[in-house]
Amino acid sequence: MISGRIGKQVSTNCVQKRFGRCEMTGRFAGKVALVTGASSGIGRASALAFAREGAKVVVADIVDEERDETVSAIKAAGGEAIFVQTDVSKAAEVEVLIDKAVQTFGRLDYAHNNAGIEGIIAPTADCTEENWDRVITTTLKGVWLCMKYEIPQMLKQGGGAIVNTASVAGLIGFPGLPAYGAAKGGIVQVTRTAALEYATAGIRVNAVCPGGVRTPMLQRFKDLTGQTEEQMGALDPMQRVAAPEEIAEAAIWLCSDAASFVTGVPMPVDGGQVTQ
Ligand code: NAD
């Protein structure tokens, strides 16, 4: 049973001032956060969590703006957000995304590079070249491209914090997911590399490595494998899958000053799955 803040309806720290003006409070007040893959699942939960803590949020996703409900949810709770349609696998689109974030909100403090796709489930010899290229290009290259354009902006400002969404599949083997596992293992390595490169420049770079999370991606895995949520939850000692909010809380903690001495860490958020 999930308790506490998890699953609660979002409300942001909007303090209503005279003349109808809102001023954000909270640990990210005055800060700007960017989340990719933010129209669904973990990214949506992360965008809402950044907003709840007072950040202005740049919501990026490949879907049309009309299909995004994250921005309206943030605004309905009193927060500030913009949507930027972006394919993270395309350098030109990621460059425009960072430009729009800075043009709109003036800075970029936190980035959660979360967009990713799983591709088909097939053993190594049956993985197609098309699937390999598509998964690596979106899931791994997308994270690197985001960092490529986020880091110069953070350097200009004197610092920032980045969290990339990897997976337990980047830490241990998963039969049937050669491209996805390679992409997620690659994210762990680009996270460590960037963490070392920018450690003295005030930029911390970490990764979250979720186990099973109740999102549309998990539903696709269920449809493809015929497994139930209970069977997927049985992979970890806590015997359940996570709510997306449980991954979001880890991501925003890694970005927060509470994690000020934490960098280069691929943090499992997996109910103990990889510690078995
Ligand atoms: P999801 O499918 O619900 O959300 C992914 C979002 O990314 C969607 O909104 C989608 O439109 C967007 N997206 C896809 N391709 C994109 C692109 N090229 N550019 C921009 N946006 C794009 O899945 P989720 O479970 O929320 O997954 C989020 C991240 O978490 C992924 O990187 C995934 O690999 C990782 N993850 C998920 C689980 C899980 O069990 N759900 C476990 C471990 C890791």
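See the structure above.
No experiment lies behind these values; they were computed from the predicted model shown. (Residues numbered from 1 in each chain as written. Predicted model: local features only at pLDDT ≥ 70, side-chain atom pairs only at ≥ 80, totals over all residues. Heavy atoms only, no water.)

Asker: What is the right way to look at the packing of helix H3 (residues 91-105) against helix H4 (residues 129-157) in this model?
Answerer: To describe two helices that pack against each other, one gives the angle between their axes and the distance between the axes. In the contact formed by H3 and H4, the axes pass within 9 Å of each other and the chain directions differ by 35°. Remark: the crossing between H3 and H4 carries right-handed chirality. On the side of H3, the interface is formed by Ala91, Val94, Glu95, Ile98 and Val102, while H4 contributes Leu145, Cys146, Tyr149, Glu150 and Gln153. Per-class residue counts for the contact of H3 with H4 are 7 nonpolar, 1 polar and 2 charged. (Axes fitted to C-alpha atoms, helices over the stretch in contact; angles between N-to-C directions. Helix = DSSP H or I, 4+ residues; strand = E, 2+ residues; numbered from the N terminus. Left-handed = near helix turned anticlockwise from the far one by under 90°. Contact = heavy atoms within 4.5 Å. Nonpolar A, V, L, I, M, F, W, Y, C, P; charged D, E, K, R; others polar.)

Asker: Explain the nonpolar core to me, please; I cannot follow it from the model alone.
Answerer: Of all hydrophobic cores here, the largest spans 34 residues; its most connected members are Phe50, Val57, Val59, Ile74 and Val208. Going through the elements one at a time, strand S3 (32-36), helix H1 (41-52), strand S4 (56-61), helix H2 (70-76), strand S5 (81-85), strand S7 (160-165) and helix H8 (244-255) are the ones with two or more residues in this core. Ranked by size, the runner-up nonpolar core spans 25 residues in total, among them Leu97, Ile98, Ala101 and Ile162. (Core = buried A, V, L, I, M, F, W, Y, C linked by side-chain atoms within 4.5 Å. Buried < 20%, exposed > 50% of the residue type's maximum accessible area, 1.4 Å probe, protein only.)

Asker: Just to check I follow, could you spell out the site of the ligand for this structure?
Answerer: Near the ligand lie 29 residues; those nearest to it are Ser40, Asp61, Asn114, Tyr180 and Thr215. Between a nitrogen atom of the ligand and a main-chain N or O atom of Val88, the distance comes to 3.0 Å. Taking Val213, its main chain carries an N or O atom lying 2.8 Å from an oxygen atom of the ligand. For the ligand, whose free accessible area comes to 820 Å², the fraction covered by protein is 93%. Among the detected pockets, the ligand sits in the largest pocket. Sorting the residues of the shell around the ligand by element identifies H1, helix H5 (178-197) and helix H6 (216-225) as the ones contributing at least two each. Per-element accounting of the shell around the ligand gives the leading share, 4 residues, to H6. Classifying every residue of the shell around the ligand by side-chain character gives 13 nonpolar, 12 polar and 4 charged. (Near = heavy atom within 4 Å. Polar contact = N/O pair within 3.5 Å; in protein donor to acceptor, adjacent residues only side chain to side chain. Areas by Shrake-Rupley, 256 points an atom, 1.4 Å probe, with all protein chains shown as cover. 1 Å grid on protein atoms, 1.4 Å probe; cavity = no way out; pocket = protein on both sides within 12 Å on 5 of 7 lines; lining within 4 Å. Sits in = over half its atoms within 2 Å of the grid points.)

Asker: Looking at this structure, how should I read the pattern of salt bridges?
Answerer: If charged atoms from side chains of opposite charge come close, those side chains can pair. Applying the stated criterion across every chain yields a total of 9 salt bridges. Across the salt bridge formed by Glu53 and Arg52, the nearest N and O atoms sit 2.8 Å from each other. As far as the burial class goes, Glu53 and Arg52 line up, both buried. The residue Lys90 makes a salt bridge to Asp87 at a minimum N-O spacing of 3.2 Å. Among the residues examined, Asp87 registers a relative accessible area of 14% and is labelled buried. (Salt bridge = Lys/Arg side-chain N within 4 Å of Asp/Glu carboxyl O.)

Asker: Teacher, can you tell me more about unusual backbone geometry here?
Answerer: Across the chain, the bulk of peptide bonds are trans and the bulk of non-glycine residues have phi less than zero. Residue Gln239 is not a glycine yet carries a positive backbone phi of 60°. Mapping Gln239 onto the fold places it in the loop between helix H7 (229-233) and H8. What makes Gln239 exposed here is its relative accessible area of 52%.

Asker: Looking at this structure, how should I read the layout of surface pockets?
Answerer: Summary: where empty space remains is shown by rolling a probe the size of a single water molecule over the atoms. The space that makes up the largest pocket amounts to roughly 1,200 Å³. Every residue lining the largest pocket is counted, 49 residues in all, and those nearest its centre are Gly116, Tyr180, Thr215, Met217 and Arg220. When residues of the lining of the largest pocket are traced back to their parent elements, those giving at least two are H1, S4, H5 and H6. Element by element, the count of residues in the lining of the largest pocket is highest for H6, at 6 residues. (Points joined across faces, edges and corners; volume = space filled by probe spheres on them.)

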